[in-house]
Amino acid sequence: MIEGGCHCGSIRYQVVGEAITHALCHCTDCRRHAGAPMVGWTMYPDSAVKIQKGIPKVYKSSEHGRRHFCGDCGTGIFYFNEQMLPGIVDIQSATYDDPNVIPARSHIQVAERIDWMKTAHSLPQFDRYPPQK
Ligand SMILES: [Zn+2]
Ligand SMILES: [Zn+2]
């Protein structure tokens, strides 16, 4: 069982069973809603998720896409699309208490990826911040 929640703790959830997949999505809708270069999504049957605490707000991000987020702190948590993905919930994998539990398996929607994200793994890396002069 996996547990997770939003940044402020108003919303908490549990997930049981195996993830169908875990993809890093580069689409424009994910980027703009998250305010981040990409968003990790784990896919499950919607019966796999139980909300333990709180009620997410729902944002209609496209004709059928529904993004569920914390109305207090803004963390994006779930995505539903009854048209394209009936009976499926996508969970933002970075909201897991331990986001290492299910490694990402693919990049999707790279047709809309930010150009410099293609080689982001090769940028200089620092445990904290670059050395100060
Ligand atoms: Zn919150
Ligand atoms: Zn996306």
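Small disclaimer: the values here were computed from a predicted structure and weren't measured.

**Q** Could you give an account of the coordination of the zinc ion (ligand 2), naming the residues involved and the relevant values?
**A** Donor atoms from the polypeptide that bind the zinc ion (ligand 2) are C25 (SG), C27 (SG) and C30 (SG), placed at 2.1 to 2.3 Å. In terms of primary sequence, the donors binding the zinc ion (ligand 2) are separated according to C-x1-C-x2-C. By relative accessible area, which is 8% here, C27 ends up buried. Note on C30: relative accessible area 4%, which makes it buried.

**Q** Break down the coordination of the zinc ion (ligand 1) for me, citing the residues and quoting the values.
**A** Looking at the metal site, the zinc ion (ligand 1) is ligated by C6 (SG), C8 (SG), C70 (SG) and C73 (SG), spaced 2.3 Å from it. Around the zinc ion (ligand 1) sit four donor atoms, and with donor-metal-donor angles ranging over 107 to 113° the site reads as tetrahedral. For the zinc ion (ligand 1), the single-chain donor residues occur in sequence as C-x1-C-x61-C-x2-C. Note that C6 is positioned in the loop between β1 (2-5) and β2 (12-15) and C70 in the loop between β7 (65-69) and β8 (76-81), a separation of 64 residues in sequence.

Basis of the calculations
Residues numbered from 1 in each chain as written. Chains lettered and ligands numbered in written order. Predicted model: local features only at pLDDT ≥ 70, side-chain atom pairs only at ≥ 80, totals over all residues. Heavy atoms only, no water. Donors = N, O, S within 2.8 Å, 3.2 Å for Na, K, Ca; no water. Buried < 20%, exposed > 50% of the residue type's maximum accessible area, 1.4 Å probe, protein only. Tetrahedral: all angles 85-135°; square planar, octahedral: opposite > 155°, others 65-115°. Helix = DSSP H or I, 4+ residues; strand = E, 2+ residues; numbered from the N terminus.

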